[in-house]
Amino acid sequence: MRMCSSLLLLALPAMAGAAAPAPSRYADQVVRCESRDMERVHCDLEAPGGIQLARQLSERSCIRESTWGADASGVWVSHGCRAEFSRITPASARPTRRVIRCESSGRPQSCPVILRGAPVRLLKQHSAMPCREGHSWGVKRNELWVTRGCQGEFEVGAEDGSGFVDIPRKLVCESKGGLRRECGVSVQHRVTLLRQLSGTPCEEGRNWGWTRDGVWVDKGCRAEFSAD
């Protein structure tokens, strides 16, 4: 059975190579919290600026407000979520994407995620089979579904309706053997060719183009693109 997983793309504060800091109430930046046998576990972590998931350790999904969350005294996990969590500090409070991976082996697959009305878009397609919204992937109240072999990473936007993280989304799409290839990514505005990788010239409208569901290449065009 295919697994779906949730992850956050974020960077931890650099700690190696620095002199040992003076003891303080916030000296330990990371705490490991583990739910075994599906029980709910609470781990103390003082974090005035908030808590973020640093590294998922379990095969089971760690999804905020579903299988983990934060309160005034620390972080809690449940339903088999095991992960490392860190404080949000000014150095780590950079924009991060909330990403869930969901994969279909051909049959429908459901991946639970707390949405509360937040938008979802395809961030990166991993399958050869195309991922097309409403056809091979979509969302319901609190789940993301995929089918017909669609496998990909999906970005969950802000619950307040402010949209997605404003970081360029880059992808490589390659036509090999002169065959047409579709590379899925949700497109709101446009796609720009950033860097040609093939000896064959990539010309928009002739051997590459885009739709709201992604980029297509043909006749030997291989290139890196940016989707807005």
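For every chain, the first residue of the written sequence is number 1, and numbering continues from 1 along that sequence. Residue-level local features of this predicted model are given only where pLDDT is at least 70; pairs of side-chain atoms are given and counted only at 80 or more, and the full residue set underlies all totals for whole chains, interfaces and linings. Side-chain measures here rest on the full set of heavy atoms in the structure, leaving out hydrogens and waters.

### As for the overall build of the chain
Secondary structure assignment for the chain yields 0 helices and 19 strands. Working definition: with a 1.4 Å probe on protein chains only, accessible area under 20% of the residue-type maximum means buried, over 50% means exposed, and in between means partly exposed. Looking at the chain as a whole, 42% of its 228 residues qualify as buried. Any two residues whose heavy atoms approach within 4.5 Å at even a single point are treated as in contact. Considering only contacts within the chain whose residues lie at least 6 apart along the sequence, 70% involve residues at least 24 apart. Each accessible area is a Shrake-Rupley result for a 1.4 Å probe, and residues are judged covered by the shown protein chains and nothing else. Of the accessible surface of the chain, which amounts to about 12500 Å², a share of 50% is contributed by carbon and sulfur atoms. Helix and strand labels come from DSSP, where a helix needs a run of H or I of at least four residues and a strand needs a run of E of at least two; each type is numbered from the N terminus.

### Here's the deal with the side chain of Glu 153
Tracing the backbone shows Glu 153 in strand 13 (residues 151-156). Buried charged residue Glu 153 carries no salt bridge. Nearest counter-charge: Arg 101, at 4.1 Å. When near neighbours in sequence (up to four residues on either side) are disregarded, Glu 153 contacts Val 99, Ile 100, Arg 101, Leu 122, Leu 123, Lys 124 and His 126. The convention is simple: Lys and Arg are positive, Asp and Glu are negative, and His and the chain ends are not counted. Within this document, salt bridges are pairs made up of a side-chain nitrogen of Lys or Arg and a carboxyl oxygen of Asp or Glu, the two lying within 4 Å of each other.

### Examining the state of the cysteines
Two cysteine sulfur atoms make up a disulfide if the distance between them is within 2.5 Å. Per the stated rule, a full pass over the model turns up 6 disulfides. Sulfur-sulfur distance for the disulfide between Cys 131 and Cys 150 comes to 2.1 Å. Linking Cys 131 and Cys 150, the disulfide has an S-S dihedral of approximately 110 degrees and is accordingly described as right-handed. In this pair, Cys 131 is assigned in the loop between strand 10 (120-125) and strand 11 (137-140) and Cys 150 in the loop between strand 12 (143-146) and strand 13, connecting sequence segments 19 residues apart.

### Some details on the nonpolar core
One finds Ile 100, Val 113, Val 120, Trp 137, Leu 144, Phe 154 and Val 156 to be the most contacted residues of the largest nonpolar core, which totals 16 residues. Among the elements of the structure, strand 8 (97-103), strand 10, strand 12 and strand 13 are those that each provide at least two residues to this core. Excluding anything up to four places from it in sequence, Trp 137 contacts Val 120, Arg 121, Leu 122, Cys 131, Arg 132, Leu 144, Trp 145, Val 146, Cys 150, Phe 154 and Ser 186. To qualify as a nonpolar core, a set must consist of buried Ala, Val, Leu, Ile, Met, Phe, Trp, Tyr and Cys residues joined through side-chain atoms within 4.5 Å.

### Focus on the pairing of strand 10
Where burial is concerned, most of strand 10 is hidden: 5 out of the 6 residues are buried. DSSP bridges decide pairing: two strands pair if at least two such bridges lie between them. Direction of pairing for strand 10 relative to strand 13: antiparallel, over a ladder of 5 bridges. Pairing of Val 120 across the sheet is with Val 156, part of strand 13.

### Re unusual backbone geometry
For Arg 116, which is not a glycine, the phi torsion comes out positive at approximately 50 degrees. Although it is not a glycine, Arg 148 sits at a positive phi angle of roughly 55 degrees.

### Looking at the pattern of salt bridges
In this structure the tally under the stated criterion is 15 salt bridges. Residue Asp 213 pairs with Arg 212 through a salt bridge whose shortest N-O separation is 3.8 Å. With a relative accessible area of 21%, Asp 213 lands in the partly exposed category. Judged by its relative accessible area of 51%, Arg 212 is exposed. Linked by salt bridges that have partners in common, Arg 32, Arg 55 and Glu 84 make up one network.

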